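The residues making up each chain are set out below.
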Amino acid sequence: MPVLVVLFVLFALFFVMADFVTDLWWYRAVQYSEVFTTRLTTRSVLFLIFGITMSVVVALNVVIAYRLRPTLRGMSQEQQNLDRYRVGVDPYKVPIMIVSGVLLGILSGTSASGEWRNWLLWRNKTSFGVTDPEFHKDVSFYMFSYPWWRFLLGFAFAVVLVSLLATVMTHYLYGGLRLQTPGDKATSAAQAHLSVLLGLFVALKAVAYWLDRYGLAVNGGGFDNVSGWTGLRYKDVNALLPAKEILCAIAAICALLFFANVWRRTWLLPGIGFGLLVLSALLIGTAYPAIVQQFQVKPSESTREAPYIQRNINATRAAYSLTNAKVDPYDAKTSVVPGQLRADANTTASIRVLDPNIVSPTFEAEQQIRRFYSFPEILRIDRYPIDGRSQDVVVAARELNLASVPAEQRNWINDHFLYTHGFGLVAARGNTVDVDGSPSYVSKDIPPTGQLGAYEPRVYFGEESPDYSIVGAKAGSAPREFDTEQAAGQNLNTYQGPGVGVGSLWRRLLYAVKFREQKILLSSEINSASKVLYIRNPRSRVARVAPWLTLDSDPYPAAVDGRIQWIVDGYTTSANYPYASRTTLGHATQTAVTAATGRVIAPRDEVNYIRNSVKATVDAYTGEVKLYGWDESDPVLTTWKKAFPGTVKDRSTIPADLLVHLRYPEDFFKVQRELLARYHVTDPQAFYTKADFWQVPLDPTGADVTGLAGSAESDPQPPYYLTLKMPEQQTSTFSLTTTFEPLGRGQLAALMAVDAEPGPDYGTIRVLGLPPSTNVPGPRLVQSNITSDSVVSSTLLQYRGNKVRYGNLLTLPIGGGLLYVEPMYVQPTTGTSYPLLRQVIASFGNNVAIGDDLNTALNKLFSGAAGTGAAPNPAQPPSNATSAPSDGSSGPKGATAVAAAIADAQAAQADGKAALAKGDFAAYGKDQDRIAADLQKAADAEKSPAKAPAAATTAPTPKATSPP
């Protein structure tokens, strides 16, 4: 049996060693070994110091208690019973003490090693230069020092309590304490020993009372009107703070009485002191603050609490980077006037109608190319220079998806040696689609073609990459990784980037243990040049090299300087900013999209301070991770940079090609909007009444937003990236936007936008606040108006039998009011099914219009003369879906005239696209007039009213063939 136990322990240790060694190799491969060693060293030192401290102190008290045992013990029944236990324990007292000490040390050391973040923050703390309004301490005390002191105090309590328990047991076992024997219940030596331990406990309680004073600034105070409230209130300052100070003094005196009992040897005075402490805690610490709250605060709460509400407002706005966010009044117009949008033609031309939450199936059908490639359920928004100007594009990486490989082709060799990587980026214009309603691609196909320039297309590191792949080959060996397929046959590739070598027998053994796969050890496919790629998800790689960051849930790919780079936003967070209200990240960032995809940032983390301090990149080919400091004024970032020197590069080193693809992160924005819904109110009296509080609208389209199970109207509407111009801006800017409703109402309360493009105004939050009496509908009312509109309903009839899906409902400040734009997709229910953009809906005030493209919808909405240069979105149904006229005019002659007119319209449309790309809106307007005239000619040629096209029962033929 002992041999089996030893073998089991050795086997377990070998597994632990395998994980440890392979982790070290991985960190060396990505050139962040200092992160591994710093964290390992810190945790090890904390484990040893606190583990040894607990073991030694407890063992020392047990030894003292044993040495103070009385030499003569009475022969009472109690002592006779204990003699049997003493006889059984004495031969093994040393082993028992050693084993108990080791177990206590392991438990304490493990707990302490988990505090490595608090230790490093305290050790490398950086001043904020801001003091709290009550104690006038720098914010860094609460952020960095207070958590560490709290841990030390808790550990000291644990040491004293465990020592006290062990001491009592030892004294009782060896006769120093008696429960049933007449006379003294404790020997003088035992009484002195216990007095010291009890004195230490009460002294620690005095320290706790003193530290609790500062804790009031960072702990929730239970304010009814504000969830997550943090900071002192009237009763705290005027009752609880004095009570803590009084209790601290009483506890200190009580501790002295216990220490004095070492010589006096009577429990009377210490007992009286301890009783007084307990009674004072009940009366002064609990009853008195409750009385103050009930009889002083409640009768005039809004006045009494106003100064403390103001403290909370100021701190919360500072902690969430909302200090400069102000609400500008915006008396939005609701009436429509011809030519109303003329001044905003540039903005309307940039309105994004391609919805990244819907078109993933379309990307997959048209650009999957091979069955084992796939795209994410939700695509991303980025900007690229297209046709000479920066444009919003919907982008996705074509990633490897082993789950789509046919079962007959799945085996260990193919999964880990043949199918190793994805291939290329697919990108489409955001503000226009092709004539059949499919995306207008600016990057597509394999090998990649389009307007993104040349770049390394292979995606070895991505969100869908396999757990591990074994790559590399000896010089002169034939490639074996599937790469592309052309008419001449398959092209194979050999990975040339860095990785963890796995060629030696020792390394193969350890990785066989790590991945629980014996084939790694036995396979002849692995040679001396082989490398293993693992931890391939971009978020996971950044989390490994920067374990102190909270990472955004939505990494996105970009073609940067000839490489595909995954861009990951990193946040520094804390729950200890004084007076700032807390929020739970999972709740604040929850939307219909996150509910459907499960992409939620740190769902259980509660914070009251957040900064987007780091921009990280992961090379899709090599897996190289780079961290760039972004908010370099953040003291938390400065502190972590001191803890892990050299891991974060300066902001000034960000390459220009990368800088243009950085954007304001969505999760950060969602946290800010959740707080700003309340904290746009800066007057404490108004804040108390909650009358002006807002709410984020629930998603008006529910599951239509994503087409995925899990999303519903009970989830908040997601924010949207789009290019727009706020009233005080001179030019349109790539922004992240959201809307607000008044609390409990469906009207529109405000529009919030943040400049999302790096530049002098990056991060500037602009809020347009509508008057409380506004009749501008909010998103849910607009969606209701759309679905009940007779023209929209009649248009939908032509698509009966197919699934109609509403896209993102965008809100833009245009024409002195607020314009809503919503693309409408049609997805056949039979055949090859994927959504295509068919119509665009526009709403202004309570007016709704629908058209085949945005320009048509706007012209209908504004009485035929919107005055806008909106980009065309033809979205016409395919030719086989059009009904023939019933009067026989579709004969050869009529058909020729119609075809000629349509050809002219298509030529005018192409000219319009070219003019729009050059920014020549005058020429673009003329081309739109040509289109209208040519379409009228086609209608006249048919000699009958235009027929509404019928929806295709099957989707158009994909642009790229799918594999068998």
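Residues numbered from 1 in each chain as written. Predicted model: local features only at pLDDT ≥ 70, side-chain atom pairs only at ≥ 80, totals over all residues. Heavy atoms only, no water.

(A) Focus on the overall build of the chain. When helices and strands are tallied, the chain shows 27 helices and 32 strands. When each of the 964 residues of the chain is scored for burial, the buried share is 55%. The long-range share in the chain, meaning contacts at least 24 apart out of those at least 6 apart in sequence, stands at 70%. Total accessible area on the chain stands at roughly 39,900 Å², and carbon and sulfur atoms take up 58% of it. (Helix = DSSP H or I, 4+ residues; strand = E, 2+ residues; numbered from the N terminus. Buried < 20%, exposed > 50% of the residue type's maximum accessible area, 1.4 Å probe, protein only. Contact = heavy atoms within 4.5 Å. Areas by Shrake-Rupley, 256 points an atom, 1.4 Å probe, with all protein chains shown as cover.)

(B) Local environment of the pattern of salt bridges. What the rule picks out here adds up to 33 salt bridges. The residue Lys244 makes a salt bridge to Asp212 at a minimum N-O spacing of 3.4 Å. Highlighted residues: Lys244 in helix 8 (residues 234-264) and Asp212 in helix 7 (residues 188-215), separated in sequence by 32 residues. Judged by its relative accessible area of 17%, Lys244 is buried. With a relative accessible area of 18%, Asp212 lands in the buried category. Taking the shortest distance from any N to any O, the salt bridge between Arg611 and Asp631 comes out at 3.9 Å. Here Arg611 is found in strand 21 (residues 609-619), whereas its partner Asp631 is found in the loop between strand 22 (625-629) and helix 19 (635-643), with 20 residues between them in sequence. Across the pair, exposure class does not vary: Arg611 and Asp631 are buried alike. Members of the salt-bridge network, linked through shared partners, are Arg380, Glu463, Asp554, Arg599 and Arg663. (Salt bridge = Lys/Arg side-chain N within 4 Å of Asp/Glu carboxyl O.)

(C) Structural view of unusual backbone geometry. Omega for the peptide link from Ile446 to Pro447 comes to -5°, which places this bond in the cis form. Tracing the chain through its elements places Pro447 in the loop between strand 8 (439-444) and strand 9 (449-450). Here the phi dihedral of Ile369 falls at roughly 70°; this positive angle occurs in a residue that is not glycine. Among the secondary structure elements, Ile369 is positioned in the loop between helix 12 (360-367) and strand 2 (373-374). What makes Ile369 buried here is its relative accessible area of 19%.

(D) Quick peek at the layout of surface pockets. As a volume, the second largest pocket reaches approximately 640 Å³. Along the wall of the second largest pocket there are 22 residues; nearest its centre are Val62, Ile96, Met97, Ala166 and Thr170. Counted by class, the lining of the second largest pocket contains 17 nonpolar, four polar and one charged residues. (1 Å grid on protein atoms, 1.4 Å probe; cavity = no way out; pocket = protein on both sides within 12 Å on 5 of 7 lines; lining within 4 Å. Points joined across faces, edges and corners; volume = space filled by probe spheres on them. Nonpolar A, V, L, I, M, F, W, Y, C, P; charged D, E, K, R; others polar.)

(E) Looking closely at the packing of helix 1 (residues 2-29) against helix 14 (residues 505-514). In contact at an axis separation of 9 Å, helix 1 and helix 14 are set at 110° when each is read in the N-to-C sense. One finds that helix 1 runs roughly perpendicular with respect to helix 14. When the axes of helix 1 and helix 14 are compared, the crossing they make is left-handed. Contact residues: Phe14, Phe15, Met17, Ala18, Asp19, Val21, Thr22, Asp23 and Trp25 in helix 1; Trp506, Arg507, Leu509, Leu510, Tyr511, Val513 and Lys514 in helix 14. The class makeup of the residues in the contact of helix 1 with helix 14 is eleven nonpolar, one polar and four charged. (Axes fitted to C-alpha atoms, helices over the stretch in contact; angles between N-to-C directions. Parallel < 35°, antiparallel > 145°, perpendicular 65-115°, else oblique. Left-handed = near helix turned anticlockwise from the far one by under 90°.)

(F) Molecular detail of the packing of aromatic side chains. Per the counting criterion, the structure on display carries 48 aromatic pairs. Ring plane angle 20° and centroid distance 5.9 Å describe the contact between Tyr511 and Phe515, whose orientation is recorded as stacked. For Tyr511, a relative accessible area of 1% gives the class buried. With centroids separated by 5.4 Å and ring planes inclined at 65°, the aromatic side chains of Phe844 and Phe862 adopt a geometry described as edge-to-face. Of this pair, Phe844 sits in strand 31 (residues 836-844) while Phe862 is found in the loop between helix 25 (854-861) and helix 26 (892-918), placing the two residues 18 residues apart along the sequence. (Phe/Tyr/Trp six-rings, centres within 6.5 Å; stacked < 30°, edge-to-face > 60°.)

(G) How the structure looks around the confidence of the model for the chain. When pLDDT is averaged across the chain, the result is 87; 86% of the residues are at 70 or more. Across the chain, the secondary-structure element scoring lowest on mean pLDDT is helix 26, at 59, and the one scoring highest is helix 19, at 98. Note that pLDDT drops below 50 for residues 705-712; the model gives that stretch 31 contacts with residues more than four away or on any other chain. Scored below 50 in pLDDT, residues 942-964 shows 62 contacts in the model against residues more than four places distant or in partner chains. (pLDDT = per-residue confidence, 0-100.)

(H) Representation of the sheet that holds strand 15 (residues 531-534) within the structure. Strand order across the open sheet formed by three strands is 11-15-14, with antiparallel pairing between neighbours. Strands at the two margins of the open sheet, each flanked by one partner only, are strand 11 (468-471) and strand 14 (500-501). Of the strand pairs in this sheet, strand 14 and strand 15 are connected by two bridges, and their pairing is antiparallel. Paired with Gly501 across the two strands is Lys531, which belongs to strand 15. (Pairing = 2+ DSSP bridges.)

(I) Just the pairing of strand 26 (residues 750-755), in detail. The buried fraction of strand 26 amounts to six of the six residues, a majority that puts the element mostly inside the structure. What you see with strand 26 is no split at all: Ala750, Met752 and Val754 on one side and Leu751, Ala753 and Asp755 on the other are buried throughout. Bridging between strand 25 (residues 733-742) and strand 26 involves six bridges; their strand directions are antiparallel. By the bridge assignment, Thr739 is partnered in strand 26 with Leu751. Examined bridge by bridge, strand 26 and strand 27 (residues 765-769) share five bridges and lie antiparallel to one another.

(J) Up close: helix 25. Along helix 25, the positions that sit buried rather than exposed are Leu854, Asn855, Ala857, Leu858 and Leu861. Projected down its long axis, helix 25 carries its buried residues within an arc of 160°, all on one side. For helix 25, the N-terminal capping position is held by Asp853, with its side-chain oxygen 3.0 Å away from the main-chain nitrogen of Asn855. Once helix 25 ends, the next one or two residues include Ser863, with phi positive near 60°. (Arc of directions from axis to C-beta. Polar contact = N/O pair within 3.5 Å; in protein donor to acceptor, adjacent residues only side chain to side chain.)

(K) Examining the sheet that holds strand 8 more closely. Here we have five strands laid out as an open sheet, ordered 3-4-7-8-9, and antiparallel in their pairing. What marks the edges here is a single partner per strand, and that holds for strand 3 (380-386) and strand 9.

(L) Structural view of empty space enclosed by the protein. Tallying each qualifying case throughout the model produces five cavities of 30 Å³ or more. As a volume, the largest cavity reaches approximately 300 Å³. Counting residues per element, the ones that place at least two in the lining of the largest cavity are strand 3, helix 18 (592-597), helix 21 (666-679) and strand 24 (720-724). Per-class residue counts for the lining of the largest cavity are nine nonpolar, six polar and nine charged.

(M) Structural detail: the nonpolar core. Ranked by size, the top nonpolar core spans 209 residues in total, and within it Phe363 and Leu627 carry the most contacts. Residue contributions to this core peak at 14 residues, all from helix 6 (residues 139-173). Once residues lying within four places of it in the same chain are set aside, the contact partners of Leu627 are Tyr32, Val542, Val545, Ala546, Val614, Lys615, Ala616, Thr647, Val648 and Lys649. Core analysis: the second largest hydrophobic core is formed by eleven residues, Tyr209, Ile250, Ala255 and Leu277 among them. (Core = buried A, V, L, I, M, F, W, Y, C linked by side-chain atoms within 4.5 Å.)

(N) The arrangement of the side chain of Glu301 in detail. Of note, Glu301 is situated in helix 10 (residues 301-319). Classification of Glu301 by relative accessible area gives buried; the value is 12%. Beyond its immediate chain neighbours, meaning those up to four positions away, Glu301 contacts Arg233, Gln293 and Tyr688.

(O) The arrangement of the environment of Phe417 in detail. Structurally, the position occupied by Phe417 is in helix 13 (residues 412-418). By relative accessible area, Phe417 is classed as buried at 2%. When the C-alpha positions of Phe417 and Ile470 are compared, they lie 5.6 Å apart, and in sequence the two are 53 residues distant. In contact with Phe417, other than residues within four places in its own chain, are Trp412, Ile470, Arg480, Glu481, Glu525 and Ile526.

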